[in-house]
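Each chain, letter by letter, is given below.
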Amino acid sequence: MKTPIVLVIATAALYACSGPARQSENTPLEAHRLHFHFSPKTSWMNDPNGMVYHNGTYHLFFQHNPDSTVWGPMHWGHATSTDLVHWEEQPIGLYPDSLGTIFSGSAVVDKNNTAGFGNDALIAIFTHHNHTIEREKTGLHQYQSIAYSTDNGKTWAKYAGNPVLPNPGIQDFRDPKVMWHEETNQWIMTLATKQTITFYASPNLKEWEKLSEFGVGIGAHGGVWECPDLIRFDHNGENVWVLLVSINPGGPNGGSATQYFVGDFDGTAFTPYTTDTKWLDYGRDNYAGVTWSNADDRRIFIGWMNNWDYANVVPTKTWRGAATVARDLTIRQIEGNWYVASKPVAELGAITELLHEVPQQVVRSNASLKSITGSLPATYRLDFTARADRDFTVRLKNDNKEWADFGYRATDRQFFVDRTSSGDHSFSDRFASIDSASRIDTADYIEVSLLVDVASLEAFADGGLVVMTETFFPTTDFNDVVLQGETDQVFTDLRISRMTSIWK
């Protein structure tokens, strides 16, 4: 057993690239309001919906209760961006109606006017949830409907023939993710059906035929399956398909999480290459995420940064719920197995300002990054490389003796996040946690990127093969970083950058 030591960077090796950190020039935000993540100005938010790129604009719809900070009658809130970083909240996109409230779904660009609403019309495909029928306990209260927009998503009209896919007798029948399948010249709907995924096909988004079902005896089944997404990747000219499936509960560290399967889709059925369970994010706070449609060759993902274990009671005041940063998804093979890797989108560079870097590591003791740099911003990105055969810990801390750790245990090849002392967790006995994730990569060195907002940590290890997203609620900002590790552990290529606020 090697002796743990505290590793810091010698002052001589550290230089400031743009001067000391400065305070934000923006109006102070209320406690725990994230600075560089989207959240609604007021009220409740959960699943991202209707994500589509059209005419230079990224549309992000989301499950929204505009009249409360807890889950309630679902609408589609709406925000737009031209860069995946700065978001402008728009008027509500879809309101409840006589068929029900508006649960999760997707949106597409109907380039060939298959639905008859016009070339390049935006079509939203969503679940109507009828609470009156739900009280009758027939299990027929969820069905799929469509709406369309011919003014670039500003206004929406619901189709008079809704629902377009009635409920066949499945209580959990929701969250349609739709894509155009070139080879079969039809729309494919990927739908959550209790604890399986059912695929449907349509020539026009109005008439749907069942194709196949996936998931019996495969993957994690600790809770209901939700918010699926079928994604095509080009790998050396060959198609590789990934199926995302969110599950609640049953995540690897408790509560909500998103699993994925890699395999083949032939236009009718999805066949996984293996039946082992893989997780898109091992943290407690990334759920119900899907990808933007019509984004060319990019597979851009965003998730809901919360967990149903405590989502309704987290200690925010005028709003609840936020989105993760947007992430590019790619696929990689490690020892013959396929994995999905996630990386923060490059567009975040617009709000990322390099403050300090260490091109060569020097090990010293009894110091912190704050003591060396003079100050740290409230929101920042920390990048570094560490040896994979030695333990390390990155401790985020504040002046009130609160802290959150991200680290790696070499002996059992486990990453971890410890938020048991990260601030307020009185609101739920399920919040304080030590969460872990097994390493996938086999390289001798581990590359890490940590994105730290005032109430969240997004950790990307080994190029995003392992991701851990966690929220916390400290009484004051984490304004210091301490690097800890075993003897002979080294940190190289360490860079700390300010993440500036997206709020005006």
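Just so you know, these numbers come straight off a predicted model, no measurement behind them. (Residues numbered from 1 in each chain as written. Predicted model: local features only at pLDDT ≥ 70, side-chain atom pairs only at ≥ 80, totals over all residues. Heavy atoms only, no water.)

Undergrad: Can you help me understand the overall build of the protein in this one?
TA: Scanning the protein for helices and strands turns up two helices and 36 strands. For 504 residues, the compact-globule estimate of 2.2 N^0.38 gives 23 Å, and the C-alpha radius of gyration of the protein, at 23 Å, lies within 12% of that figure. In terms of overall dimensions, the protein has C-alpha extents of about 70 × 50 × 40 Å along its principal axes. Out of the 504 residues belonging to the protein, those deemed buried represent 60%. For the protein, the accessible surface area stands at approximately 19,400 Å², while carbon and sulfur atoms represent 46% of it. Positive and negative side-chain charges in the protein, numbering 40 and 60 respectively, have mean positions lying 4 Å apart. (Helix = DSSP H or I, 4+ residues; strand = E, 2+ residues; numbered from the N terminus. Rg over C-alpha atoms; globule rule 2.2 N^0.38 Å. Buried < 20%, exposed > 50% of the residue type's maximum accessible area, 1.4 Å probe, protein only. Areas by Shrake-Rupley, 256 points an atom, 1.4 Å probe, with all protein chains shown as cover. Lys, Arg positive; Asp, Glu negative; His and termini not counted. Charge placed at Lys NZ, Arg CZ, Asp CG, Glu CD.)

Undergrad: Help me out: how do you make sense of the pairing of strand β23 (residues 327–334) in this one?
TA: Along any regular strand, the residues point their side chains to alternate faces of the sheet. By the bridge criterion, two bridges tie strand β21 (residues 300–304) to β23 in an arrangement that is antiparallel. Across the sheet, the residue bridging to Ile300 is Asp328, located in β23. As paired strands, β23 and strand β24 (residues 337–344) are joined by eight bridges and run antiparallel to one another. Across the sheet, the residue bridging to Ile331 is Val340, located in β24. (Pairing = 2+ DSSP bridges.)

Undergrad: What is the right way to look at the sheet that holds β23 in this model?
TA: One key point about sheets: their strands pair by backbone hydrogen bonds, in either a parallel or an antiparallel sense. Spatially, the four strands line up as an open sheet ordered β20-β21-β23-β24, and their pairing is antiparallel. Each edge of the open sheet is held by one strand with a lone partner, namely β20 (287–291) and β24. Taken pair by pair, the neighbouring strands of this sheet meet at an average axis angle of 40°, ignoring direction. (Axes fitted to C-alpha atoms, helices over the stretch in contact; angles between N-to-C directions.)

Undergrad: So what exactly am I meant to see when it comes to the side chain of Ser497 here?
TA: By secondary structure assignment, the location of Ser497 is in strand β36 (residues 491–499). Taking relative accessible area as the criterion, Ser497 reaches 6% and is therefore assigned buried. Dropping the residues within four chain positions of it, Ser497 is found in contact with Thr352, Glu353, Leu354, Leu355, Thr379, Tyr380 and Arg381. (Contact = heavy atoms within 4.5 Å.)

Undergrad: What exactly am I supposed to notice about the pattern of salt bridges here?
TA: Close approach of charged atoms allows side chains of opposite charge to pair. This structure, assessed with the given rule, holds 25 salt bridges. Here Arg419 and Glu470 are joined by a salt bridge, their closest N and O atoms 3.3 Å apart. Taken together, the residues span a long stretch of sequence, with Arg419 in the loop between β30 (414–418) and β31 (434–438) and Glu470 in strand β34 (residues 466–471) at a distance of 51 residues. With respect to class, Arg419 is no different from Glu470; both count as buried. Counted as one network, the salt bridges with shared partners bring together Asp172, Arg174, Asp175 and Glu226. (Salt bridge = Lys/Arg side-chain N within 4 Å of Asp/Glu carboxyl O.)

Undergrad: Explanation requested: the confidence of the model for the protein in the structure shown.
TA: Close inspection of predicted coordinates is inappropriate for parts of the model with low pLDDT. For the protein, the mean per-residue pLDDT works out to 92, and 93% of the residues sit at or above 70. The low-confidence segment residues 1–26 (pLDDT under 50) makes 76 contacts with residues lying over four places distant or belonging to another chain. (pLDDT = per-residue confidence, 0-100.)

Undergrad: Which parts of the structure should I look at to understand a negative patch on the surface?
TA: Taken together, Asp234, Glu238, Asp296 and Asp297 make up a surface patch of like negative charges. Summarising the element assignment, Glu238 is placed in strand β16 (residues 238–248). What makes Glu238 exposed here is its relative accessible area of 55%. (Patch = residues over 30% accessible without salt bridge, like charges linked within 9 Å, V, L, I, M, F, W, Y side chains within 5 Å.)

Undergrad: Looking at this structure, how should I read the environment of Arg419?
TA: A relative accessible area of 0% means that Arg419 is categorised as buried. With 122 residues separating them in the primary sequence, Arg419 and Asp297 have C-alpha atoms 37 Å apart. Ignoring sequence-local partners within four residues, the contact set of Arg419 consists of Arg284, Asp285, Tyr310, Phe431, Ser433, Glu470 and Thr471.

Undergrad: Explanation requested: the nonpolar core in the structure shown.
TA: It is characteristic of soluble globular proteins that their nonpolar side chains tend to be buried jointly. Within the largest apolar cluster, 73 residues are counted, with the highest numbers of intra-cluster contacts made by Phe384 and Phe406. Broken down by element, this core gets its largest block of residues, seven residues, from β16. When near neighbours in sequence (up to four residues on either side) are disregarded, Phe384 contacts Phe392, Val394, Ile446, Glu447, Val448, Leu450, Phe491, Thr492, Asp493 and Leu494. Counting residues in hydrophobic clusters, the runner-up holds 28 residues, among them Met51, Ala79, Val290 and Ile502. (Core = buried A, V, L, I, M, F, W, Y, C linked by side-chain atoms within 4.5 Å.)

Undergrad: Is there a simple way to think about the environment of Leu230 in this case?
TA: Relative to the assigned elements, Leu230 resides in strand β15 (residues 224–235). On the basis of relative accessibility, which here comes to 5%, the residue Leu230 falls in the buried class. On a C-alpha basis, the gap between Leu230 and Thr291 in space is 9.2 Å, while along the polypeptide they are 61 residues apart. Dropping the residues within four chain positions of it, Leu230 is found in contact with Met179, Thr190, Phe199, Trp241, Val242, Leu243, Phe265 and Phe270.

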